[in-house]
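# Fold and contact review
Chain by chain, the residues:
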Amino acid sequence: MKNLLLVVLSALLFSVPSWAANYHVRKAATGSNNGSDWTNAWNDLNNISGIAAGDTVYIAAGTYTGAYSFSVSGTSGSRITIKRATVAEHGSSTGWSSGYDGTVTVNATSSSTTFNTNAKNYITLDGVDRTKFILNGGVVANNGIILTSSGAHNNIAKNMKVYGYKSFGVEIASNAGANQITLMEIYKNGSVHSDGNIHVGQGTNVYGYNDVSYNVIHEAGVSESDSPPDPVDNIEMNLGDTYVNIHHNEIYQTTWDSNDSSSKDNIYVSASYVRIYNNLIHSDPTKSNMSVFMNVLYQNSYMIQQVYVYNNVFYEGLGGVRLTQQLGGASTLRFKDIYVYNNTIHNGDLAINVFCGYPATAFQNILVKNNIFHNSVSSNPMVNFRESGVNGFTFDYNYYNTTSPSSTLMKLGSTSYTSLAAIRSGTAWEDNGGAGNPLYDGTAYTQLHLTSSSPSPARDGGLNLSSVFTTDKDDIIRPQGSAWDIGAYEYHGVDVTPPVISNRSPIPGATNWPITNRNVSFTISDGTSVDRSTMLFNISGETNSTCSTSPSPRTVTCTPVSPPDDVATLNIAYNRGVDWNYSTTYTGNVDVYDTVGNRQTTNWSFTTEAFVDSQAPTMVAGSQSPAPGATDWLVTDRNVQFDIEDNIQLVDTSIQFRVGAGGSVNICGSGLLCSWVDPNKRIHAVYTNGTDWGFSTSYVLYILQAMDSSNNNFTTNWTFSTESAPQPTKPPSDIEIHIESP
């Protein structure tokens, strides 16, 4: 029995759940510095220790010099998070001051990576506001953030400013998948060749594509006076299948480095399985900055394939897209399945530039379609092939506009083509192409939209590429007219603004949302009119609800502020029909159009409250022996028995029992024989007194402690009294005793 008890106790110890915890970092904390609250916070990043899946480490405003390398992973449902502290999340926390909601600056003082996920998974680094979470490498540290390495996956870095690192600002290293760099500003990183602001290494598609999105990435290179100059890049991918989406970023180079005349490419691609879309890429026209440079080195046999470049604006600099096979390599296939679609390339030195020692064998299925090429500053052709005899390319549905100093639309080797007719007769390309002034709304890089005056085929003359993508750079649905437009932007009339989603409840990023509050609400408004028939809403990927149908038990009501159905403002109320789960992050997803076809898609997340067990263990009714108030208890019955139960998790090692105010304390395994009636919930305890009880004595029995896994404590006491002592036997009174003398 004793061995069985030990086995049960061991199983209990290993089965107690670990609950997510919050920890704290504050530079000036003077308490015990164990991270437990703001008073006792850790003083720097390198002091962080003991965190586990589901935990969050909050960092207060201040200047830090430490670095942190993760030692454990989170899980898909319990991420590990490091996050800047805000009033919204900590206004009532122990030791909190509103001044802690401010700028966090980490100044590197060694070569160590500031944040290194160290091949761990499901980690989030969140600065909340990228202007208030700053990582400064000081040209001392090698990397700002190593988001992944050695196959790590599902890590996120967002809302930070990262600069001054010698190698990379942020790196997604080898064999990684489903990692995200988003809402960041990353600049002035990288000091030697193959370094730069962001590096994406060889990936894996086991977990999904990596993602680089909604960032501002600029001015690669750590120093304004470095010599020799830095041939570094804003985003670099080399020698591997990277599996990455690069989208909705602003990427640029400027003349900030006056000593640097070398090539600093905005996106360097020596990799496969890459999608580059919906980006704004602009450069100083005096610098040799390629927008997208696909390069195969002569000393290796790697082939670049499955690269999509679409819906981007490339503005000035050296050009738009360059494909290069360096001389000296073998005459083999090096570029396959490259798709350049619906880009606007404005005043780049060379919109498309192909440099290859083996033009007849190096390319297969390179499709260039629906692009606008505009040149009014360069003497070079807009499309240039260094060699003639190129195979594997198709150009069609592109729109050309060139003015002095060059009138050349395309050049193959030494042959120049100055008109569409010449291209068609000399190459069999551009049967559906066009030429002329596209009549933008302006020529700044923030403009370049087609207008109502834009001619065909720039408007309504493009090829339908909906098998690849369905929206333009502004996420406006294609087409808006009778056919697709050419270039990055789809013309869609006077109203170019999609509907606006506001008044979201729960608010984005809300925490501790009550599980019983099943309601989600938001408002859709539009300058023209919301098309309520298009409204789709779901929570975390569930089946969509619309204004007319909702899968049971969910309900959605769509209430216009004023009729008719297509109105300027629509209030949406969703009811889940069942309670939420505890400690779960949910994402609300909205997809809606206005009546002229502008589309809005958005999502936001909120987290429900953690389960709080406030119910202490209890005594099982009728289990006490002796029963409370019992009398005439046999002094020879030395056993006391009782059962204690809890609704969640009873901790048997916490039970303390004592007889009388001065008696010794007994615990399970030492004075108490304990056995589970219902594992982890109900326990039966037996105490055996060392000697018989005293006659005619009242005893008080104490449960001094019985705790559950949430530290709720149960105490009680009860009394019983023992039997009276037996009376001595008297002789009968009618017996006479005669004593005779002899």
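To be clear, the structure that these remarks concern was listed above.
If you're wondering where the values come from, they're calculated on a predicted model, not measured in any experiment.

## Considering the pairing of strand S53 (residues 716-722)
Regular strands place side chains that alternate from one sheet face to the opposite one. Where strand S46 (residues 630-633) meets S53, 2 bridges bridge the pair, whose relative direction is parallel. Bridging across to S53, Trp633 finds its partner in Thr722. Examined bridge by bridge, strand S52 (residues 698-705) and S53 share 6 bridges and lie antiparallel to one another. Bridge pairing links Tyr702 to Asn717 in S53.

## Some details on the state of the cysteines
Tallying each qualifying case throughout the model produces 2 disulfides. At a sulfur-sulfur separation of 2.1 Å, the disulfide partner of Cys547 is Cys558. Its torsion about the S-S bond being -90°, the disulfide of Cys547 and Cys558 is classed as left-handed. With a gap of 11 residues between them, Cys547 in the loop between strand S40 (519-539) and strand S41 (555-560) and Cys558 in strand S41 connect regions that are remote in the sequence. Covalently, Cys668 is tied to Cys674 through a disulfide, its sulfur atoms 2.0 Å apart. In this structure, the disulfide formed by Cys668 and Cys674 twists by about -85° around the S-S bond and is classed as left-handed. Cys674 sits in the buried class, given a relative accessible area of 1%. Counting only the cysteines that form disulfides, in the order they appear in the chain, gives the pairing 1-2, 3-4.

## Topic: the environment of Ser149
With respect to the helices and strands, Ser149 occurs in the loop between strand S10 (143-148) and strand S11 (156-158). Remark: the alpha-carbon pair of Ser149 and Asn175, spanning 26 residues in sequence, is separated by 7.1 Å. Excluding anything up to four places from it in sequence, Ser149 contacts Asn118, Ala119, Ala173 and Ser174.

Analysis parameters
- Residues numbered from 1 in each chain as written.
- Predicted model: local features only at pLDDT ≥ 70, side-chain atom pairs only at ≥ 80, totals over all residues.
- Heavy atoms only, no water.
- Pairing = 2+ DSSP bridges.
- Helix = DSSP H or I, 4+ residues; strand = E, 2+ residues; numbered from the N terminus.
- Disulfide = S-S within 2.5 Å.
- Buried < 20%, exposed > 50% of the residue type's maximum accessible area, 1.4 Å probe, protein only.
- Contact = heavy atoms within 4.5 Å.

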